[in-house]
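The lines below spell out each chain.
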Amino acid sequence: MLLTLLDEGALFFDALLQKLQTMYQFKLEDYMDGMAIRARPLRKTVKYALISAQRCMICQGDIARYREQASDTANYGKARSWYLKAQQIAPKNGRPYNQLALLAVYTKRKLDAVYYYMRSLAASNPILTAKESLMSLFEEAKRKTEQLERRRRQEHEGGSRGPAVRGRGRGEEGARVEIWIRPSGQATTLSSQRGGSESSRDSEQDGELGSLSATDLNKRFILSFLHAHGKLFTKVGMESFPGVASRVLQEFRTLLQHGPSLLGSTHMLQIITINMFTIHNAHSRGEGGEVRSVLQEQSTALGLGMFALLVQRCTELLKETPPEPVPMADGEEEGKVEEMEGMVRVSAFPLELRELLPSIKVWSDWMLGQPDQWNPPPCSINSSPDVWQCLADLCNVLARVDHEEVPLYKVDTDESEGDEELTVLQLKEDRLLAGFVPLLAAPQEPCYTDRHTDMAIAADCKRVTVLKYFLEALCGQEEPLLAFKGGKYISVATSPLNHSIDTRSRQDSLTEKEADDVILEAESSLSASEEEEDAEEAGDSESDIRQLKARRHILANKLAQQQKRRDKIQAVLQTSGQLELEVRPLFLVPDTNGFIDHLGGLKKLLQCGTYIIVVPLIVITELDGLAKGQDTFGGSMGSGGRGIGSRGNYNVSAAHVRAVQEKARLAVAFLEKGFEAREPCLRALTSRGNQLESIAFRSEDTSGQQGNNDDVILSCCLHYCKDKAKDFMPHQRNGTVRLQREVVLLTDDRNLRVKALTRNVPVRDIPAFLSWAKVG
């Protein structure tokens, strides 16, 4: 009955859409271009008809959504298609974005849901109920982040404990130090698993991020990103925002290094849009004074920090793009040919650069349209590069980019309509973000190109042109941020330290009522002598002196409490035993992912002849299975299915399956060739520690083994760890426990790394070990 009613409703709205087009003489296809502002104003009757048509399309999407729910299925593709069509007809209406956000919630796409709810709020006709939906999404992100932090601390503490210190009360809290010694005998690496300076903790976090698989890193970044914006949106827990924002920037920097982009162009645009909305929302909450609030300052700093990382990555990719001679147009002087040589062609841009350019262009549009929201520049966040220096570097690199590879034209509307050879060049980011209130003030001029040209290259030429104009505008500010000196562009932006002082003063200058409360509370705790001293004060300055003394008293108490806490921490560190691991690498045990992702690095390690590559038999078995296409991404494959799933995509593509299968075949061929040639630095090891000279017969019965394939690989490493208690136990209580290791586990897998740390097995990923060993 319900399905019949839904079918009748779909037929009704289909007929109504056709009737609207016939009655008012227009075609919906002509207006599905996502343009919020048109060059020619619409006829009033067509405008009203389009609004009615949008309502019909939203109803069609709702009917398609109800049909899926009634059928107990989750294929919302048809509903999404209707909502997207409705959004394109009238982008300034917030209703289609709210419905798209519902679909994103149903399919557990949290980033999409937050983006669409923010779009529904930042519309000329906003849907205000989206605020409550955003609150619940941010609360869920906060809860998951706290769970992840607790799990990370537990794993961190577990990784610091080994067999040597297990069972000792305070020794379990001890620090873990690794001393890595190259075969030359030089100690080069000293890493501590707890405590240490801030820089060492940052490098440790960077190493942890580098060890994550692409999918895990992507998920962690999105969670941290939403958690940070949840703080800005709800204004709850802002005292921890600087640390959360710094972690977001670290994860974003690592994510950008995984090229091509894991997020993709659309998700990158969504991230930039969320940053713009948060700044816009913070400014709309403000009182409109000349000084920015702390919320505005921090939201702007986060947005500019992520933009700086995007620009930095874009500059790196441009520098890696080889220049080509660019031919001059006919009739130009021959002497100018030399000037044009060595230009980078837009058509030669790598794929990752093409995916980053739309986001950089959109943010530059926002900065051009909303200068009051970022100028003067805010204080930067830790881990954020200098955005103005990054822009100066980009300006220098863009100078050698030929943005005129495809001719672009600016003509009047009447002329363009009469010229059949020209067509409007509409960028996908402009179409996607049409009607977004923070971008309505951005300069938008219609641009035309020859209809026979490659539209993708023409779009990139337009983006580069816009970026060059934006960078020139930064040079022309009342207080210039960039300047051309010594043949190149440099940053001349004032140091944000001055602004940070203003920020601190704003934070200190509470409201009048709050200030009075603080002063009264402090005065109650003053000594009798100070009260008598205050009573003797006279004149207009008496109140100021009392406030300063009260604040001094509060700060003195706070300083004493912090010093007391530091003393306690130092006492714990001094009384706890320490585990010292001396690592002299000789035997290297790679897991399956190492052969899939870093076969070239393993070949270099084998060719150098310094280290012995020990391949667990279970790894060879997994590679055989992957090469034959057996359960390539299943969980039962152990390490074979860990980090080689879809890199950033939730659905594994057939192309990726074939790519992994081909890599596994190459790895198996490499091993077979090495064992046939009797390579002296190549060994195979069974789960029971038996060495094999050949892998012709490599089937092993592991049914009696406890644990999964990770545990089997780890047991091969433990075969080379021969610890005797009398050799490493300290002579004094709380003394240092010293272990020696000649084996290193080479893996990217986080779970296997944690297991190795709990058994005091040194572990590194292959690129990091190659860098440390100075091989290749």
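Cut-offs applied
- Residues numbered from 1 in each chain as written.
- Predicted model: local features only at pLDDT ≥ 70, side-chain atom pairs only at ≥ 80, totals over all residues.
- Heavy atoms only, no water.
- Helix = DSSP H or I, 4+ residues; strand = E, 2+ residues; numbered from the N terminus.
- Buried < 20%, exposed > 50% of the residue type's maximum accessible area, 1.4 Å probe, protein only.
- Contact = heavy atoms within 4.5 Å.
- Areas by Shrake-Rupley, 256 points an atom, 1.4 Å probe, with all protein chains shown as cover.
- Core = buried A, V, L, I, M, F, W, Y, C linked by side-chain atoms within 4.5 Å.
- Phe/Tyr/Trp six-rings, centres within 6.5 Å; stacked < 30°, edge-to-face > 60°.
- Lys NZ or Arg CZ within 6 Å of the ring centre and 35° of its normal.
- Axes fitted to C-alpha atoms, helices over the stretch in contact; angles between N-to-C directions.
- Parallel < 35°, antiparallel > 145°, perpendicular 65-115°, else oblique.
- Left-handed = near helix turned anticlockwise from the far one by under 90°.
- Pairing = 2+ DSSP bridges.
- Salt bridge = Lys/Arg side-chain N within 4 Å of Asp/Glu carboxyl O.
- Expected span 1.5 Å × (residues − 1).
- Polar contact = N/O pair within 3.5 Å; in protein donor to acceptor, adjacent residues only side chain to side chain.
- Nonpolar A, V, L, I, M, F, W, Y, C, P; charged D, E, K, R; others polar.
- pLDDT = per-residue confidence, 0-100.

**Focus: the overall build of the chain**
1) Next: A count of helical and extended segments in the chain gives 29 helices and 14 strands.
2) Next: Residue burial in the chain is summarised as follows: out of 776 residues, 47% are buried.
3) Next: Across the chain, every contact between residues at least 6 apart in sequence was considered, and the portion connecting residues at least 24 apart equals 74%.
4) Next: In the structure as shown, the chain presents an accessible area of about 39,400 Å², 50% of it carried by carbon and sulfur atoms.

**Brief notes about the nonpolar core**
1) Next: In this structure, Phe221, Leu302 and Leu391 are the most contacted members of the largest nonpolar core, which totals 129 residues.
2) Next: The next biggest cluster of nonpolar side chains, apart from the first, holds 61 residues, and it includes Val583, Ala627, Leu671 and Cys716.

**Regarding the packing of aromatic side chains**
1) Next: Overall, the coordinates contain 15 aromatic pairs when judged by the stated rule.
2) Next: Taken together, the aromatic side chains of Trp180, Tyr611, Phe769 and Trp772 make up a single cluster linked through ring pairs.
3) Next: We note lysine 85 situated over the ring of tryptophan 82; from NZ or CZ to the ring centre the distance is 4.9 Å.

**Digging into unusual backbone geometry**
1) Next: Residue proline 376 follows asparagine 375 across a cis peptide bond; omega there is 10°.
2) Next: Looking at the element boundaries, proline 376 is found in the loop between helix H13 (351-369) and helix H14 (387-398).
3) Next: Although it is not a glycine, arginine 678 sits at a positive phi angle of roughly 55°.
4) Next: Note on placement: arginine 678 falls in the loop between helix H25 (654-676) and strand S11 (682-685).

**Things to note about the packing of helix H5 (residues 110-121) against helix H10 (residues 264-285)**
1) Next: It is the contact of H5 with H10, at a shortest axis distance of 10 Å, that shows an interaxial angle of 45°. Taken as axis vectors, H5 and H10 run oblique relative to one another. For the crossing formed where H5 meets H10, the hand is left-handed. Counting all contacts with H5, which are made through Leu111, Asp112, Val114, Tyr115, Met118, Arg119 and Leu121, the residues of H10 involved are His267, Gln270, Ile271, Thr273, Ile274, Phe277 and Thr278.

**Observations concerning the pairing of strand S10 (residues 612-616)**
1) Next: The buried count for S10 comes to five of five residues, which makes it a mostly enclosed element.
2) Next: Of the two faces of S10, both are covered, the one formed by Ile612, Val614 and Pro616 as well as the one formed by Ile613 and Val615.
3) Next: The pairing of S10 with S11 spans four bridges and is parallel. Note that in S11 the partner of valine 615 across the bridge is alanine 684.

**Examining the pattern of salt bridges**
1) Next: In this structure the tally under the stated criterion is 19 salt bridges.
2) Next: Across the salt bridge formed by arginine 354 and aspartate 460, the nearest N and O atoms sit 2.5 Å from each other. Placement of arginine 354 in helix H13 and of aspartate 460 in helix H17 (residues 455-475) is noted, with a sequence separation of 106 residues between them.
3) Next: For arginine 354, a relative accessible area of 22% puts it in the partly exposed group.
4) Next: Among the charged side chains, a salt-bridge network with shared partners connects Arg354, Glu429, Asp460 and Arg463.

**What to know about H25**
1) Next: Along its 23 residues, H25 runs 33 Å from first to last C-alpha, staying within 8% of the 33 Å computed at 1.5 Å per residue.
2) Next: Buried within H25 we find His656, Val660, Gln661, Ala664, Ala667, Val668, Phe670, Leu671, Gly674 and Phe675.
3) Next: Packed against the buried residues of H25 are helix H22 (592-597), helix H23 (599-608), S10, helix H24 (617-627), S11 and strand S12 (691-692).

**Structural notes on the pairing of S11**
1) Next: Of the pairings in the sheet, the one linking S11 to S12 comprises two bridges and is antiparallel in character. For leucine 685, the partnering residue across the bridge sits in S12 and is glutamine 691.
2) Next: Between the end of S11 and the start of S12, which pair antiparallel, lie five residues, with glycine 689 showing a positive phi angle near 90°.

**Describing the side chain of glutamate 580**
1) Next: Counting through the fold element by element, glutamate 580 comes out in strand S9 (residues 578-590).
2) Next: Take glutamate 580: its relative accessible area is 18%, and that puts it in the buried class.
3) Next: Those residues in contact with glutamate 580 that sit more than four places away from it in its chain are Val177, Ile179, Thr736, Val737, Arg738 and Leu739.

**As for H17**
1) Next: Taking 1.5 Å per residue as the helical rise, H17 with its 21 residues ought to reach 30 Å, and the 31 Å between its terminal C-alpha atoms agrees with that figure.
2) Next: Among the residues of H17, the N-terminal cap falls to aspartate 454, whose side-chain oxygen and the backbone nitrogen of alanine 456 are separated by 3.0 Å.

**Considering the packing of H23 against H25**
A pair of packed helices is captured by two measures, namely the crossing angle of their axes and the spacing between those axes.
1) Next: Look at H23 against H25: their axes get within 11 Å of each other, and the N-to-C directions meet at 15°. Taken together, the axis directions place H23 and H25 in an arrangement best described as roughly parallel. Considering only the axes of H23 and H25, their crossing is left-handed. Between H23, through Leu599, Lys603 and Leu606, and H25, the contact on the second element is made entirely by Leu666, Ala667 and Phe670.
2) Next: For the contact of H23 with H25, the residue count by class is five nonpolar, no polar and one charged.

**Some details on the side chain of threonine 321**
1) Next: Along the chain, threonine 321 turns up in the loop between helix H11 (294-320) and helix H12 (337-340).
2) Next: Polar contacts involving the side chain of threonine 321 include one to the main-chain carbonyl oxygen of leucine 317, which spans 2.8 Å.

**Quick look at the environment of leucine 232**
1) Next: By the element assignment, leucine 232 lies in helix H8 (residues 214-234).
2) Next: With 67 residues separating them in the primary sequence, leucine 232 and serine 299 have C-alpha atoms 6.8 Å apart.
3) Next: Ignoring sequence-local partners within four residues, the contact set of leucine 232 consists of Met238, Phe241, Thr278, Arg285, Leu295, Gln298, Ser299 and Leu302.

**Some words on the confidence of the model for the chain**
1) Next: For the chain, mean pLDDT is 79; residues scoring 70 or higher make up 75% of the total.
2) Next: When mean pLDDT is taken per element in the chain, H5 scores highest with 96 and helix H19 (residues 512-524) scores lowest with 39.
3) Next: Overall, residues 158-174 carries pLDDT values under 50, and its contacts beyond four positions in sequence, including any with other chains, amount to 37 contacts.
4) Next: Taken as a whole, residues 189-204 scores under 50 in pLDDT and shows 31 contacts with residues more than four places along the chain or in a different chain.

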